[in-house]
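Listed below, chain by chain, are the residues.
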Amino acid sequence: MNPDAIALNRFGLGARPDDPMPRNPRRWLLDQFEHYQALPPAWSGQQDTGSRLADYQQRQRAIAGAADEDRQAARQSLRRDARAGYLAAVDARLASALDTPTPFVERLVHFWANHFAISVEKPLVLGMAGSYEAQAIRPHVLGRFDTLLAAAVRHPAMLVYLDQPQSIGPGSPAALRLAERSPERRRGLNENLAREILELHTLGVRSGYTQDDVTEFARALTGWSLAADTAQPGAQTVPQPAAMAVGAAEPGGFRFRPALHEPGARTVLGRRYDQPADQQAGAILADLAVAPATARHIATKLARHFVADDPPPGLIDRLAAAFQRSGGDLPTVYRVLVDAPECWADSSAKFKTPWDWVVSSMRALGRREPRATQAAPLLGQLGQPVWRPGSPAGYDDIAGTWAAPDALVRRVELAQRLAAQSGNAIDPRELAPRLLPGDALGDATRLAVARAESAGTGLALLLVSPEFMRR
């Protein structure tokens, strides 16, 4: 792969036949920072988080007050509407990836959405997944990591996914009142959010934190909950924690509930936090965001995504150093990535995930919107349903997960369908060198495409060629 092919495919989302080749690949990537739209036209019709949450809660209250014979139908209607919102959001995500003039930054959106993964098995998360990416991820991928972290973990989709609204401090006013009224009903800490922030979002596994740190952090997080439902006692909108004040975003729908908070100072990773209740978790989060272990964890994941399943240690060191030196300024880290010789090695070490392959295939065919393609079912058939990894860890970023024989068969079938939709309007012999410029296209693939019995067959062969399925 030459520099043009690397910029288009490894850093970007795949070449488009109507786009010019970048004159200076490195400059082309960095210039995208100035032109990125956080909410491009494809996302303009999506409902915001606060509206979705308020609508969901209002309908849940209506269901609770409905007659027994009407509840099942009302629940089904709520589920159908949530799924319709999900399908529309997946289409918006795909349309944005197909039409974006800043494919490098768009890839970074996908990277961070997977880093801060949610999963849509819960009905409320199903309806909010699109607004989560639109409000918590997209606006912050060119900012500071602490801002992105705060926006992601405070978003109602993340809170609901990890059961944070059910977490109550054992010594909180709400828990004490509940114990007086209903001694048999015991509710306490839920450690899911605390554990995933430490293990997945910041420090990483085997980074030195203990179970005591998880529990203490979970105590500090009590009170983090949802807006609306203001009938709950103790609800108030949380002010910006002083430690997270620089650019930290509060997506609609977050609310701090003092009555649920566990009183007292907390000790996490050997540091004592005695801030006011509504600032305590934010102070811990701010320290985690700039911890050396966090810098190395993020550096490793970026190097793995852009270079190789087994990333080069030297590149990890340089990315981690840039993260720490800049206080988590993400563009500073990205610039080190773009300048790294390891990223421009001519071997195609990364195997495309189903999402990568679908996006690059449709871009290759000149598509700028999903049109008749049903994006969500299609990605489900290929084994990577959007916003449904089934685990807070997100989808794997290594070839072994995606290169199984049955998965490749499904790609072949889809390549044939996509090629058939294009008819004979595209000559694969002319398209191939535009998608894989220079020496990126191997002789065997060039010959197979040239000898194909039809234009459609040639296109399908190109889309499932070894060169195209790697980046």
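### A look at the overall build of the protein chain
- Helix and strand content of the protein chain: 22 helices and four strands.
- Relative to the globule expectation of 23 Å for 471 residues, the C-alpha radius of gyration of the protein chain, 24 Å, shows essentially globular dimensions.
- For the protein chain, the C-alpha atoms occupy an extent of roughly 80 × 60 × 35 Å along the three principal directions.
- Within the span of the protein chain, comprising 471 residues, buried residues form 55% of the whole.
- A total of about 19,300 Å² of accessible surface is found on the protein chain, and carbon and sulfur atoms cover 50% of it.
- Within the protein chain, one finds 54 positive and 51 negative side-chain charges whose respective centroids are separated by 1 Å.

### What to know about a positive patch on the surface
- A cluster of basic residues, Arg-177, Arg-181, Arg-185 and Arg-187, forms a positive patch on the protein surface.
- Note on Arg-185: relative accessible area 47%, which makes it partly exposed.

### Concerning the side chain of Arg-411
- For Arg-411, the position within the fold is in helix α19 (residues 405-422).
- Buried charge Arg-411 goes without a salt bridge, the closest partner of opposite sign being Asp-356 at 8.2 Å.

### Quick look at helix α16 (residues 354-364)
- The buried fraction of α16 is high, at 11 of 11 residues.
- Turning to α16, its buried residues are Pro-354, Trp-355, Asp-356, Trp-357, Val-358, Val-359, Ser-360, Ser-361, Met-362, Arg-363 and Ala-364.
- Looking one or two places after α16, you find Gly-366, whose phi comes out positive at around 80 degrees.

Criteria and thresholds
Position numbers for residues start from 1 in each chain and track the written sequence from start to end. Restriction of local features to residues with pLDDT of at least 70 applies here, the model being predicted, together with a cutoff of 80 or more for giving and counting side-chain atom pairs; totals for whole chains, interfaces and linings are based on all residues. Water and hydrogen atoms were dropped before computing side-chain values, which therefore reflect all heavy atoms in the structure. Under the scheme used here, helices are H or I runs from DSSP no shorter than 4 residues and strands are E runs no shorter than 2 residues, and both carry numbers assigned from the N terminus. Computation of the radius of gyration draws on C-alpha atoms, with the globule rule given as 2.2 Å multiplied by the number of residues to the power 0.38. The buried label goes to any residue with under 20% of its type's maximum accessible area, the exposed label to any with over 50%, and the partly exposed label to all in between, with areas taken from a 1.4 Å probe on protein chains only. A 1.4 Å probe and the Shrake-Rupley method give the accessible areas. Residues count as covered only by the protein chains that appear here. Charge counting treats Lys and Arg as positive and Asp and Glu as negative, with His and both chain ends excluded. A charge is said to be at NZ when it belongs to Lys, at CZ for Arg, at CG for Asp and at CD for Glu. Patch construction takes residues with relative accessible area above 30% that form no salt bridge. Like charges are linked within 9 Å, and nonpolar side chains (Val, Leu, Ile, Met, Phe, Trp, Tyr) are linked within 5 Å. Salt bridge, as applied in this entry: a Lys or Arg side-chain nitrogen positioned within 4 Å of an Asp or Glu carboxyl oxygen.

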